[in-house]
Amino acid sequence: MSPLSALGGATCLRSGHLFARRFSQAARRGERPGGEELRRLRLDDLARTPRSAEGLELLCGLSPCVLALRAARRRVARLLLQAGRAGLQGERAELLRAAEARHIPVLRPRRQKLDALCRHQVHQGVCMEVSPLRPRPWTEAGDARPGDDPQQLWLVLEGLQDPRNLGAVLRSAHFLGVDQVITSRRNSCPLTPVVSKASAGAMEVMDVFSTDDLDGFLQAKARQGWLVAGTVGCPGPEISRSSGIPIVSCLEFLWDRPTLLVLGNEGSGLSQEVQASCQLLLTILPGWQLPPGLESLNVSVAAGIILHSICSQRKGFSEEKKRGQLLQDPRGPSATSEEPTVVQHPGLSAGSEKERQDGG
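Residues numbered from 1 in each chain as written. Predicted model: local features only at pLDDT ≥ 70, side-chain atom pairs only at ≥ 80, totals over all residues. Heavy atoms only, no water.

### Let's talk about the overall build of the chain
Here is step 1 of the chain: Within the chain one finds 13 helices and 14 strands.
Here is step 2 of the chain: The buried share among the 360 residues of the chain stands at 46%.
Here is step 3 of the chain: Within the chain, contacts between residues at least 6 apart in sequence are counted, and of these 83% link residues at least 24 apart. (Helix = DSSP H or I, 4+ residues; strand = E, 2+ residues; numbered from the N terminus. Buried < 20%, exposed > 50% of the residue type's maximum accessible area, 1.4 Å probe, protein only. Contact = heavy atoms within 4.5 Å.)

Following this line, the structure appears as structure tokens:
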């Protein structure tokens, strides 16, 4: 049962009218789950929705909610905006307008109640009760072949279990231009609201696919001409001797063919079966000799470094263009249509960064 569905009565803003609803029998008996914070709820704090909330989840944070509402891939049961803010502005005002246009109920709980509902996660005063997102079968990812574009990059994730790691990886992948993301269905973190929050909402606009047979998927793509490049930590002498697969620094990797970049589990890395399907292993060399136990980076950090080293080789994105993008002031009189510009994903907002400084 969702955290909101167990709550009793409240006030609900819908088309400018206030609807007061009775507490459930359990609420009247004082059987409200969630401890002392929820037991203090009053009749006019939150409302029970007229529809069933079974199977819904609570999405927290400004960017995840904004992007989820724009992408329209989830069913939105209701929007919660923190009461007491003096005038909604920017993306919060946009959220309210969009919800009203789609006849989505809007609730205005006080800060303490919103904290309790979110289990004291950072919510930035914005939450939505939504249907879950699930990975799609990888067969729906499209039949991209090496001849179509030699610089295709798919990110393959085997057994990532920490939702914050997964969210950070998805955010880097989206930012750097990864074409597709494939996850292993077994032992992998689902696409939870925590993942969306850690991705700053990138999960809401990305297509994430999954497969039950990761080895078979990798081998099938290799037969089609794709390079399957795994990842390992800093290679010690024992790894270099025992592995028959070449190990290359990510800074020396030449991206000249469609590539599957495979990242492994946070603790154990790639499984032996998946590593055996790789034609190449990429690694990040440290700046100095490391003590035992510190030979690798967090998987989300490693993903960002390796993806940047590969994607910076993308054709049409030369050093001159990169410098032009950094130095160009699009508001200045010298900006012309011939100068390079940054293309923004249609799902992402150019809104104020100040509204996201609490965590995306």
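### Describing the side chain of Ser131
Here is step 1 of the chain: Examined against the element boundaries, Ser131 turns out to sit in the loop between β6 (126-130) and β7 (136-137).
Here is step 2 of the chain: A distance of 2.8 Å separates a polar side-chain atom of Ser131 from the backbone nitrogen of Arg75.
Here is step 3 of the chain: Apart from the residues within four sequence positions on either side, Ser131 is in contact with Leu56, Glu57, Arg74 and Arg75. (Polar contact = N/O pair within 3.5 Å; in protein donor to acceptor, adjacent residues only side chain to side chain.)

### Let's talk about the pairing of strand β13 (residues 259-263)
Here is step 1 of the chain: Where burial is concerned, most of β13 is hidden: 5 out of the 5 residues are buried.
Here is step 2 of the chain: Strand direction decides the pairing type here: strand β8 (residues 153-157) and β13, joined by 5 bridges, are parallel. Within β13, the residue paired with Trp154 across the bridge is Leu260.
Here is step 3 of the chain: Where strand β11 (residues 227-231) and β13 come together, 3 bridges link them in parallel fashion. Pairing of Val228 across the sheet is with Leu260, part of β13. (Pairing = 2+ DSSP bridges.)

### Comments concerning the pattern of salt bridges
Pairs may arise between side chains of opposite charge once their charged atoms sit close together.
Here is step 1 of the chain: For the coordinates displayed, the defined rule picks out 9 salt bridges.
Here is step 2 of the chain: Arg73 is the partner of Asp207 in a salt bridge, and the nearest nitrogen-oxygen pair spans 3.0 Å. Here Asp207 is found in the loop between α8 (202-205) and β10 (208-211), whereas its partner Arg73 is found in the loop between α3 (62-71) and β4 (76-81), with 134 residues between them in sequence.
Here is step 3 of the chain: Asp207 gets classed as partly exposed once you look at its relative accessible area, which sits at 35%.
Here is step 4 of the chain: Notably, a salt bridge pairs Asp207 with Arg136, separated by 3.1 Å at the nearest N-O pair. With Asp207 in the loop between α8 and β10 and Arg136 in strand β7, this pair connects stretches of sequence that are 71 residues apart. (Salt bridge = Lys/Arg side-chain N within 4 Å of Asp/Glu carboxyl O.)

### Concerning the confidence of the model for the chain
Here is step 1 of the chain: Confidence in the prediction of the chain, expressed as mean pLDDT, is 76, and 67% of residues score 70 or more.
Here is step 2 of the chain: The low-confidence segment residues 5-53, where pLDDT is below 50, has 95 contacts with residues more than four positions distant or belonging to other chains.
Here is step 3 of the chain: Taken together, the stretch residues 330-360 has pLDDT below 50 and engages in 48 contacts with residues farther than four places along the chain or on a different chain. (pLDDT = per-residue confidence, 0-100.)

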